[in-house]
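Understanding the architecture of this molecule
Each chain, letter by letter, is given below.
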Number of protein chains: 2
Amino acid sequence: MTSQTETSSTELAQGMRRSVMRLARRLRQMHEESLGLTQNQLSLLGLLTGSGPRSVGELAELEKVQPPAITRTVKALEQLGLVQRSADPDDGRRAVVEVTPRGREIVLADRRRRDLWLVERLGELTPAERELLGRASVLLQRLADS
Amino acid sequence: MTSQTETSSTELAQGMRRSVMRLARRLRQMHEESLGLTQNQLSLLGLLTGSGPRSVGELAELEKVQPPAITRTVKALEQLGLVQRSADPDDGRRAVVEVTPRGREIVLADRRRRDLWLVERLGELTPAERELLGRASVLLQRLADS
DNA sequence: GTTAATGGTTAACATGGTTATCGATGACGA
DNA sequence: TCGTCATCGATAACCATGTTAACCATTAAC
């Protein structure tokens, strides 16, 4: 019993890795050519849009990257007028970054555009299949966060 | 009706994008620290292991990258003794690349290691949930390939 | 057989990650 | 209160990996 469960879990894992990695790659490609912003810049902008103002250190941790990488990206976004950097009033060392209205606008537009391809693909499925994916999506999220 | 279907498809797409991208990221991190090989090198090696000998141009197309990038990665893998490059006997311009036994070994070991984390996570789910993911995985694959 | 097309490499450059170092600010014990 | 230490962020120098442009060798075509 154990060995059979193990075997099928391995096979399931292989299948899932393949399909998830592949779909992710596809989704990533969908917003490559986006408004002149790089992948990184969009990712950071999206993060800020979702979470509100953040310090450089927090952003680094959330993006799983070292602080200098964030500094560079923030600098680029700042020059484009998409984020704004200000000193933390309580702690002069911290630099707080927040998205500007224009930045937020771009993120939302990009998200719509990115989803378009997937929405179309999903439209080709049966309602039952979509329902299945909806339930699976919750599980995937749980796996990713665990 | 249409508008309701459309709305839920949009929501489904958003949820799926989030969960798929996140899980993919997590899976990718799992084999970062792998034997001194970079992400790229492992990816190319995996491709070659799965598909047999390929020309540089084919590899570039499969990896969605320009030929010079392949040339560089192949050169590195060749120096490590993980791939072998030879001239196509029918067309002296083409360079055919194939994985060596040692390269193949590394790919398989890496795959096992990468799957380990996911297998463990899947083990925490109920059988019904695993079954659901198995069916969803097939759909994801189809979406990615369409 | 000369010319054009094709496959791959090389060179020069851009982007984005890293570590090491430093300046400025905040925290804390003598 | 002051001197020391820790922490945050920025800068510099380096590496990995993508790009385009130019070039070489080989094949194809007239």
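Residues numbered from 1 in each chain as written. Chains lettered and ligands numbered in written order. Predicted model: local features only at pLDDT ≥ 70, side-chain atom pairs only at ≥ 80, totals over all residues. Heavy atoms only, no water.

As recorded in an unreviewed UniProt entry, chain A goes by the name MarR family transcriptional regulator, listed as coming from Auraticoccus cholistanensis.

**Concerning the environment of Met30(B)**
Residues and elements named next belong to chain B. Along the chain, the position of Met30 falls in helix α1 (residues 2-30). Classification of Met30 by relative accessible area gives partly exposed; the value is 22%. Linking Met30 and Trp117, residues 87 residues apart in sequence, is a C-alpha distance of 7.6 Å. Ignoring any residue separated from it by four or fewer positions in sequence, one finds Met30 in contact with Arg113 and Trp117. (Helix = DSSP H or I, 4+ residues; strand = E, 2+ residues; numbered from the N terminus. Buried < 20%, exposed > 50% of the residue type's maximum accessible area, 1.4 Å probe, protein only. Contact = heavy atoms within 4.5 Å.)

**With respect to the relation of the copies chain B and chain A**
Screw-axis analysis of chain B against chain A gives a translation of 0.1 Å along the axis, an RMSD of 0.1 Å, and a rotation angle of 180°. Those values place the two copies in the arrangement expected of a two-fold rotation axis. (Least-squares fit on C-alpha atoms with pLDDT ≥ 70 in both.)

**Notes on the pattern of salt bridges**
When charged atoms on two side chains of opposite charge get close, those side chains can pair. Applying the stated criterion across every chain, the model contains 21 salt bridges over all chains. Between Asp115(A) and Arg17(B) there is a salt bridge, and its shortest N-O distance comes to 2.8 Å. In this pair, Asp115(A) is assigned in helix α5 (residues 101-123) and Arg17(B) in helix α1, connecting two distinct chains. The class of Arg17(B) is buried, set by a relative accessible area of 9%. Put simply, Glu131(A) and Arg135(A) hold a salt bridge, and the shortest N to O gap is 3.5 Å. One end of the pair, Glu131(A), and the other, Arg135(A), are both in helix α6 (residues 127-145), four residues apart, so they sit about a helical turn from each other. (Salt bridge = Lys/Arg side-chain N within 4 Å of Asp/Glu carboxyl O.)

**With respect to the pairing of strand β3 (residues 95-99) of chain A**
All names here are of chain A. In this structure, strand β1 (residues 54-55) lies alongside β3, joined through two bridges in antiparallel fashion. By the bridge assignment for β3, Arg54 is matched with Val97. Bridge analysis of strand β2 (residues 83-87) against β3 gives five bridges, and the strand direction is antiparallel. The partner of Ser86 across the bridge, within β3, is Val96. (Pairing = 2+ DSSP bridges.)

**Topic: the nonpolar core**
As a rule of thumb, nonpolar side chains are buried together in soluble globular proteins. Of all hydrophobic cores here, the largest spans 38 residues; its most connected members are Leu133(A) and Leu133(B). Of all the secondary structure elements, the ones that give two or more residues to this core are α1 (2-30), α5 and α6 of chain A together with α1, α5 (101-123) and α6 (127-145) of chain B. Look past the residues within four positions of Leu133(A) in its chain and what remains in contact with it is Leu122(A), Leu125(A), Leu12(B), Met16(B), Ala136(B), Leu139(B), Leu140(B) and Leu143(B). (Core = buried A, V, L, I, M, F, W, Y, C linked by side-chain atoms within 4.5 Å.)

**Overview of the protein's contact with DNA strand D**
Taken together, the neighbourhood of DNA strand D is formed by 21 residues, with Gly57(A), Thr71(A), Lys75(A), Arg85(A) and Gly92(B) sitting nearest. One of the side-chain nitrogen or oxygen atoms of Asn40(B) is found 2.9 Å away from a phosphate oxygen of DNA strand D. Those elements giving two or more residues to the surface near DNA strand D turn out to be α3 (56-62) and α4 (67-79) of chain A together with α4 (67-79) of chain B. Residue contributions to the surface near DNA strand D peak at four residues, all from α4(A). The class makeup of the residues in the surface near DNA strand D is six nonpolar, seven polar and eight charged. (Near = heavy atom within 4 Å. Polar contact = N/O pair within 3.5 Å; in protein donor to acceptor, adjacent residues only side chain to side chain. Nonpolar A, V, L, I, M, F, W, Y, C, P; charged D, E, K, R; others polar.)

**Let's talk about the interface of chain B and chain A**
Counting residues at the interface gives 49 residues for chain B and 49 residues for chain A. Summing both partners gives a buried area of about 4,900 Å² for chain B against chain A, and 64% of it is carried by carbon and sulfur. Run the count over chain B and chain A and you get six salt bridges. Counting across the chain B and chain A interface gives 17 residue pairs in polar contact (both at pLDDT 80 or more). (Buried area = accessible area lost by both parts, 1.4 Å probe.)

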